[in-house]
Amino acid sequence: MKADLPPSLKQISNILIVDDHPFIIEGYKNAITRYNPDSYEFFISQAKDCKSAYEIIINPETKPFDIAFLDISMPAYDEKEIFSGEDLAKLIMEYMPNCKIILLTMYTELLKIKTIIRSIQPNGLIIKNDLTFDELLFAFDKVMKNDKYYSQSVQKMLNQSPHNSIEIDEFDKQILFHLSKGTSDEEMPHYIPISINAIGRRKKSLKELLKIKTGSDDDLVKEAKSKGLF
């Protein structure tokens, strides 16, 4: 029987888990700590929302994380324009470029999944409905071994016909977000570094893209949300 390595010889791995459901965090921790305990020692940090995660990531005393588990949908940190796990992933990529990102989401819209993959290129992407204890361990093992892991539902969506996908960029996402907050077109240039005319053109293009026939900003926001665009 293989004996455990003494703590001084075990490989240290720093993990970040960000989710607004404490019981889900505990489930992740339970799975991670059971991964090759004879060879690894894990130090796990956790956060419950974008604000607490932001403060951990930018803290100069925080040691770089090896892997970060990030829920996509979480309470935002408006003051720093951190609205989701995607924004946290970009922050981690800036501060800790060697950290491997595993994103978890309830979204099942193809266009949202493709947008996440294009903008973040995560090491792991898991639809939460696919998640079991064994599946989480399998995904963790793949990422630890420098492989990518996309859960079954993600792979199924990616195999769908390319014409089903819709691509939007970061400015479009910001416009949709501020529309959802009631920000007027005149106010938007204070938050987004493009002109009012450019914002108007982008809104028109978004409505055409999403087949919004009413011209209503509320309908645009509702349809974009239903498709997981922001």
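Within the protein chain, the regular secondary structure consists of 9 helices and 6 strands. If you line up the protein chain on its principal axes, its C-alpha atoms span 70 × 40 × 30 Å. Taking all 230 residues of the protein chain together, the buried fraction comes to 45%. Working note: accessible area of the protein chain is about 12400 Å², and carbon and sulfur atoms make up 50% of it.

Before going further, it helps to examine the packing of helix α7 (residues 170-180) against helix α8 (residues 196-209). Here α7 crosses α8 at 90 degrees, and the two axes come no closer than 10 Å. The angle between α7 and α8 falls in the class roughly perpendicular. Contacts from Phe171, Asp172, Ile175, Leu176 and Leu179 of α7 reach α8 at Ile199, Arg202, Lys203 and Leu206. Split by residue class, the contact of α7 with α8 holds 6 nonpolar, no polar and 3 charged.

Bringing the pattern of salt bridges into the picture now. Scanning the model with the defined rule gives 12 salt bridges in all. Linking Lys128 and Asp19 is a salt bridge whose minimum nitrogen-to-oxygen distance equals 3.0 Å. Within this pair, whereas Lys128 is found in the loop between β5 (124-127) and α5 (133-144), its partner Asp19 is found in the loop between β1 (11-18) and α1 (22-32), the two being separated by 109 residues in sequence. The two residues Lys128 and Asp19 agree in class, both being buried. Among the salt bridges present, the one from Lys51 reaches Glu55, with a minimum N-O distance of 2.7 Å. Of this pair, Lys51 and Glu55 both sit in helix α2 (residues 50-58), 4 residues apart, roughly one helical turn. A relative accessible area of 37% places Lys51 in the partly exposed class.

Turning next to the confidence of the model for the protein chain. With 93% of its residues at a pLDDT of at least 70, the protein chain reaches an overall mean of 88. The secondary-structure element of the protein chain with the lowest mean pLDDT is helix α4 (residues 110-120), recorded at 81, while α2 shows the highest, at 98.

Right, let's get into the sheet that holds strand β6 (residues 149-150). Judged by pairing direction, the sheet is parallel, and its 6 strands sit side by side in the order β2-β1-β3-β4-β5-β6 without closing on themselves. Lying at the two open borders of the sheet, with one neighbouring strand each, are β2 (40-47) and β6. Relative to β5, strand β4 (residues 100-105) is paired through 4 bridges, and the arrangement is parallel. The partner of Thr105 across the bridge, within β5, is Ile127.

In this section: the packing of α2 against helix α3 (residues 85-95). Two numbers describe how α2 lies on α3: the axes approach to 10 Å, and their chain directions differ by 5 degrees. On the basis of their axis angle, the class for α2 and α3 is roughly parallel. Together, Cys50, Ala53, Tyr54, Ile57 and Ile58 of α2 and Leu88, Leu91, Ile92 and Tyr95 of α3 make up the contact between the two elements.

Take unusual backbone geometry next. With phi around 45 degrees, Asn36 is a residue other than glycine that occupies positive phi space. One can find Asn36 in the loop between α1 and β2. You will see that Glu81, though not glycine, has its phi angle at about 55 degrees, which is positive. Note that Glu81 resides in the loop between β3 (67-71) and α3.

Helix length check: α5, at 12 residues, gives a terminal C-alpha distance of 16 Å against a target of 16 Å (1.5 Å per residue), a fit within 8%. Along α5, the residues that are buried comprise Leu136, Ala139, Phe140, Asp141, Val143 and Met144. One or two residues past the end of α5 sits Asn146, with phi positive at roughly 70 degrees.

Inspection of the secondary structure puts Lys227 in the segment after α9 (217-226). Along the backbone, Lys227 and Lys112 are 115 residues apart, and their C-alpha atoms lie at a distance of 6.8 Å.

What counts and what doesn't
Residues numbered from 1 in each chain as written. Predicted model: local features only at pLDDT ≥ 70, side-chain atom pairs only at ≥ 80, totals over all residues. Heavy atoms only, no water. Helix = DSSP H or I, 4+ residues; strand = E, 2+ residues; numbered from the N terminus. Buried < 20%, exposed > 50% of the residue type's maximum accessible area, 1.4 Å probe, protein only. Areas by Shrake-Rupley, 256 points an atom, 1.4 Å probe, with all protein chains shown as cover. Axes fitted to C-alpha atoms, helices over the stretch in contact; angles between N-to-C directions. Parallel < 35°, antiparallel > 145°, perpendicular 65-115°, else oblique. Contact = heavy atoms within 4.5 Å. Nonpolar A, V, L, I, M, F, W, Y, C, P; charged D, E, K, R; others polar. Salt bridge = Lys/Arg side-chain N within 4 Å of Asp/Glu carboxyl O. pLDDT = per-residue confidence, 0-100. Pairing = 2+ DSSP bridges. Expected span 1.5 Å × (residues − 1).

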